[in-house]
Amino acid sequence: MKKIEHLGIAVKDIDMSETLFESLLGTPSYKREEVGSESVITSFFKVGDSKIELLQATDEKSPIHKFIEKKGEGIHHIAFEVDNIEVELKRLKNEGFRLIHEKPKMGADNKLIAFLHPKGTNGVLIELCQEITEED
Ligand code: ZN
């Protein structure tokens, strides 16, 4: 894995949290995007080489809605950037990690993503992401 690409933070009100993180980080959100498959609205901030992703549920089936019901607002996942997500998923499966997604899917911010089950990673939800480049 190359680096921590972003930290995902579950929030109840993305408008309020966007304003909050703008003052906290001293920089505006550079992208807001809805991901229909996950029922979330996301908002991204650049912090040096990493990013912060705010996530708000758009309906009650959203994983973010369930997360906030259970644990409240807060850090939801850590996303690691990888060169080849398929290869990395195979490697982790062989290592015995539980995968939520066997195959990568389209995520926010022009990326292929997949999640590992937090039960296998000390309660931390791990996201793998691979930038989609022009050549792909
Ligand atoms: Zn993420």
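Everything numeric in this text was worked out from a predicted model, so none of it was measured.

A.B. asks: I would appreciate a short explanation of the coordination of the zinc ion in the present structure.
C.D. replies: Ideal values for angles at a metal depend on the geometry: 109.5 degrees with four tetrahedral donors, 90 or 180 degrees with six octahedral donors. The protein atoms that coordinate the zinc ion are His6 (NE2), Glu53 (OE), His77 (NE2) and Glu127 (OE), at distances of 2.1 Å. What the four donor atoms of the zinc ion show is an angle range of 82 to 169 degrees at the metal, which sorts the shape as irregular. Residue His6 is classed as buried on the basis of its relative accessible area of 2%.

A.B. asks: Is there a simple way to explain the packing of aromatic side chains in this structure?
C.D. replies: The description of an aromatic ring pair uses the distance of the two centres, along with the angle that the planes make with each other. The tally for this structure, following the rule as stated, stands at two aromatic pairs. Measuring from ring centre to ring centre gives 6.2 Å for Phe21 and Phe45, while their planes differ by 40 degrees; the resulting arrangement is tilted. Residue Phe21 is found in helix α1 (residues 14–25), and its partner Phe45 is found in strand β3 (residues 40–47); the two are separated by 24 residues along the sequence. Taking the relative accessible area as the measure of exposure, Phe21 reaches 13% and is therefore buried.

A.B. asks: I'm lost on the pairing of strand β2 (residues 31–35) in this one. Help?
C.D. replies: In summary, the side chains of a regular strand alternate between the two faces of the sheet. The pairing of β2 with β3 spans five bridges and is classified as antiparallel. By the bridge assignment for β3, Arg32 is matched with Ser43. Between β2 and β3, which pair antiparallel and follow one another directly, the connecting turn spans four residues, one of which, Ser39, has a positive phi of 50 degrees.

Cut-off values and rules
Residues numbered from 1 in each chain as written. Predicted model: local features only at pLDDT ≥ 70, side-chain atom pairs only at ≥ 80, totals over all residues. Heavy atoms only, no water. Donors = N, O, S within 2.8 Å, 3.2 Å for Na, K, Ca; no water. Tetrahedral: all angles 85-135°; square planar, octahedral: opposite > 155°, others 65-115°. Buried < 20%, exposed > 50% of the residue type's maximum accessible area, 1.4 Å probe, protein only. Phe/Tyr/Trp six-rings, centres within 6.5 Å; stacked < 30°, edge-to-face > 60°. Helix = DSSP H or I, 4+ residues; strand = E, 2+ residues; numbered from the N terminus. Pairing = 2+ DSSP bridges.

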